[in-house]
Amino acid sequence: QVQLVESGGGLVQPGGSLRLSCAASGSIFSIYDMGWYRQAPGKQRELVATITSGGLTNYADSVKGRFTISRDNPKNTVYLQMNSLNPEDTAVYYCKAVRGRLQHWGQGTQVTVSS
C-alpha cells in the first residue's frame, strides 16, 4: 500500500555527513513503524535504525551516537542524519515501512564513503 523512495545518497569523504530521506506515499504514513537498513558488498542486509509510529528510536551499535533517525509525519518522510562517516558505512541504504506483518521496502540509495 505504501511506496517508498529514498534519496540523498552519494559520495562523501571520511568524517563527512550525509542526510538520507525516505518519502512515502500511497498509505497512512503515521501508523507505520519505519527503519533504515543497509547492505554492503558481500554482506547481508543489516538494520541501521528504526523509529516507531510513536517516535521510539533504536540504533545499531555500529552507528549509535553518529546517526539519527527522525520522521516528519506531515511530510510523509523519514530521515537518516549520518555524521562522522567512515568507509565501513559504505552500502546501499534501504528504507522500510512496517505495519503489523506488512513490510514495504524502498529501492535503495548508494552511500559511498571514500577519500
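All values derive from a computational prediction rather than experimental measurement.

Caption draft 1: Summary view of the pattern of salt bridges. Enumeration according to the criterion identifies four salt bridges in this entry. Salt-bridge contacts for Lys64 lead to Asp61; the nearest nitrogen and oxygen are separated by 3.3 Å. Relative accessible area serves as the criterion here: at 68%, Asp61 is assigned to the exposed category. Here Asp89 makes a salt bridge to Arg66, at a shortest N to O gap of 2.8 Å. Placement of Asp89 in the loop between strand S8 (77-82) and strand S9 (91-99) and of Arg66 in the loop between strand S6 (57-59) and strand S7 (67-72) is noted, with a sequence separation of 23 residues between them. The pair Asp89 / Arg66 is uniform in exposure class, with both members buried. What emerges from the salt-bridge pattern is a single network uniting Arg38, Glu46, Arg66 and Asp89.

Caption draft 2: The arrangement of the state of the cysteines in detail. Overall, the coordinates contain one disulfide when judged by the stated rule. Each sulfur in the disulfide pair Cys22 and Cys95 lies 2.0 Å from the other. Given an S-S torsion of about -85°, the disulfide between Cys22 and Cys95 has left-handed geometry. Here Cys95 lies in strand S9 and Cys22 lies in strand S3 (residues 18-25), a separation of 73 residues in the sequence. The class for Cys22 is buried, based on a relative accessible area of 0%. Assessed through its relative accessible area of 0%, Cys95 is described here as buried.

Caption draft 3: Quick peek at the pairing of S8. Most of S8 is tucked away, with five of its six residues classed as buried. The sheet contact formed by S3 and S8 spans six bridges and is antiparallel. Each residue of the ladder has a partner; that of Arg19, found in S8, is Gln81. Here S7 pairs with S8 via six bridges, running antiparallel. Its bridge partner lying in S8, Asp72 is registered against Thr77. Hairpin connection, S7 to S8: the antiparallel pair is bridged by four residues, and Asn76 has positive phi, about 55°.

Definitions and cut-offs
Residues numbered from 1 in each chain as written. Predicted model: local features only at pLDDT ≥ 70, side-chain atom pairs only at ≥ 80, totals over all residues. Heavy atoms only, no water. Salt bridge = Lys/Arg side-chain N within 4 Å of Asp/Glu carboxyl O. Buried < 20%, exposed > 50% of the residue type's maximum accessible area, 1.4 Å probe, protein only. Helix = DSSP H or I, 4+ residues; strand = E, 2+ residues; numbered from the N terminus. Disulfide = S-S within 2.5 Å. Pairing = 2+ DSSP bridges.

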